[in-house]
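Per-entry structural report
Next come the chains, spelled out residue by residue.
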Amino acid sequence: MTLSQWGSGQNKRLIKKKNTKSKKSTKQSETAVAEKEAKKEKERSRETVTEEELEMHYARYRDILKNLTIMNDIFMRNVLKEPECTEYVLQVILGNAGLHVIDQVIQKDYKNLQGRSAILDCVARDASGRQMDVEIQQENEGASPKRARYHSGLMDMNTLNPGETFDKLPETYVIFITRDDYLGHGLPIYHIDRKITELGRDFCDEAHIIYVNAKYRDDTELGHLLHDLHCTRAEDMYSQVLAKRVRELKETEKGVESMSHELEELYNEGIERGMQRGELSKAREITRSLGEMGMSVEKIAQIVKISAGVVQEWLSESAKAPN
């Protein structure tokens, strides 16, 4: 074999090897493309199923939404996402028609130096710099004086920047709107402030705690607000501000879709927020909300990891509680 013949043979083998490699690469590429397309099709199929499932959920949740009031934790949060509603509630409770909310945060997670956290329902700031925490408390366990004190302390600890003096601390209000008359004296509202015992004078630290008895009714502006908190229908409300927001959430497509997503994720978010911290009061709130959604006792018990007997007892107590 001559050198030229050997070289020609080598070239043919190299070309054949290259072609084989190219075909193999092309086949692998085609397989990868096919797998990618199959994955996309599977995802599209999953998305289609999800949309169909959501439509079914929306139909179911429309009935659930009809029975929700602002005293329901999840519905209250969505009502107060509209700052005008927060502003109205604060104006009535604080007796200040000129109060103007300039910013607010819903479900704000505050932590202390040890890492112990608490999620505050609605923290608002008005034009004068005052900070106000508004909480709807369905259960007595969640409305204890020490919890109110802790909320007040958390707001203070998360206010000042490095180097600022304590005089820069803003005036604060922790407002607990309770389903029942927690303090038990038959009043519509209770104002709690520190005092100098020997002098009988206010300590003037500008840290205030207010308990609002949502069970109370009278023909005052506060009484009308408390009435509105328990209304299931917008047309039954005194406040046009609250009625407009309730109507948006219950009667418009956008509102129903938003609330449906919230209700769908209730146990996921609620468990992460409440059960992981081991708070019994959160477990009761989640139980009540899931019960309002029509979920069975057994399913709720699995979610909150509480016995079915206890879940049934909590649901019975909630049903017997006066509106």
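Note that this is a predicted model, so its numbers are computed, not measured.

About the criteria used
Residues numbered from 1 in each chain as written. Predicted model: local features only at pLDDT ≥ 70, side-chain atom pairs only at ≥ 80, totals over all residues. Heavy atoms only, no water. Helix = DSSP H or I, 4+ residues; strand = E, 2+ residues; numbered from the N terminus. Buried < 20%, exposed > 50% of the residue type's maximum accessible area, 1.4 Å probe, protein only. Areas by Shrake-Rupley, 256 points an atom, 1.4 Å probe, with all protein chains shown as cover. Pairing = 2+ DSSP bridges. pLDDT = per-residue confidence, 0-100. Contact = heavy atoms within 4.5 Å. Phe/Tyr/Trp six-rings, centres within 6.5 Å; stacked < 30°, edge-to-face > 60°. Salt bridge = Lys/Arg side-chain N within 4 Å of Asp/Glu carboxyl O. Core = buried A, V, L, I, M, F, W, Y, C linked by side-chain atoms within 4.5 Å. Axes fitted to C-alpha atoms, helices over the stretch in contact; angles between N-to-C directions. Left-handed = near helix turned anticlockwise from the far one by under 90°. Nonpolar A, V, L, I, M, F, W, Y, C, P; charged D, E, K, R; others polar.

**Remarks on the overall build of the protein**
Regarding its fold elements, the protein presents 11 helices and 8 strands. Out of the 323 residues belonging to the protein, those deemed buried represent 41%. Total accessible area on the protein is roughly 19,000 Å²; 51% of this is exposed by carbon and sulfur atoms.

**Regarding the environment of Pro83**
Relative to the elements of secondary structure, Pro83 occurs in helix H3 (residues 83-94). When its relative accessible area of 35% is taken as the criterion, Pro83 is described as partly exposed. Sequence separation between Pro83 and Asp103 is 20 residues; the distance between their C-alpha atoms is 7.7 Å.

**Quick word on the pairing of strand S1 (residues 101-111)**
Sheet topology places S1 next to strand S2 (residues 117-126); 9 bridges connect them, and they run antiparallel. Bridging from a neighbouring strand, Asp109 pairs with Ile119 of S2. What sits between S1 and S2 in their antiparallel hairpin is a turn of 5 residues, with Gly115 showing a positive phi close to 90°.

**Examining the confidence of the model for the protein**
A low pLDDT means the predicted coordinates there should not be read in detail. Mean pLDDT over the protein works out to 82, with 75% of the residues at or above the 70 mark. Confidence drops under pLDDT 50 across residues 42-49; counting only partners more than four residues distant or on other chains, this segment forms 0 contacts.

**As for the packing of aromatic side chains**
If you walk through the whole model with that rule in mind, you get 2 aromatic pairs. When the ring of Phe176 is compared with that of Tyr211, the centres are 5.5 Å apart and the planes differ by 70°; the resulting orientation is edge-to-face. One end of the pair, Phe176, is in strand S4 (residues 172-178); the other, Tyr211, is in strand S8 (residues 207-213), with 35 residues separating them in the sequence. On the accessibility criterion, Phe176 (0% relative accessible area) is buried.

**Considering the pattern of salt bridges**
Throughout the structure, instances matching the rule amount to 12 salt bridges. For Glu235, the salt bridge identified is with Arg233, shortest N-O distance 3.5 Å. The partner of Glu248 in a salt bridge is Arg245, with the nearest N and O atoms 3.2 Å apart. Of this pair, Glu248 and Arg245 both sit in helix H6 (residues 240-251), 3 residues apart, which is roughly one turn of that helix. Arg245 sits in the buried class, given a relative accessible area of 16%. Taken together, the shared-partner salt bridges connect Glu139, Arg284 and Arg288 into one network.

**Points about the nonpolar core**
Counting 56 residues, the largest nonpolar core has Ile70, Ile93, Ile175, Ile177, Val212, Leu225 and Leu242 as the members making the most contacts within it. No other element matches H3, which puts 7 residues into this core. Setting aside anything within four residues of it in sequence, one finds Ile175 in contact with Leu90, Ile93, Leu94, Asp133, Val134, Glu135, Ile210 and Val212. Counting 13 residues, the second largest nonpolar core, distinct from the first, contains Leu120, Ala148, Met155 and Phe176.

**Things to note about the packing of H3 against H6**
If you want to describe how two helices pack, look at the angle between their axes and the distance between the axes. Running from amino to carboxyl end, H3 crosses H6 at an angle of 145°, the nearest separation of the two axes being 9 Å. Crossing geometry of H3 relative to H6 is assigned as left-handed. Side by side, H3 and H6 meet where Glu84, Cys85, Tyr88 and Val89 of the first sit next to Val241, Leu242 and Arg245 of the second. Class assignment for the residues of the contact of H3 with H6 results in 5 nonpolar, no polar and 2 charged.

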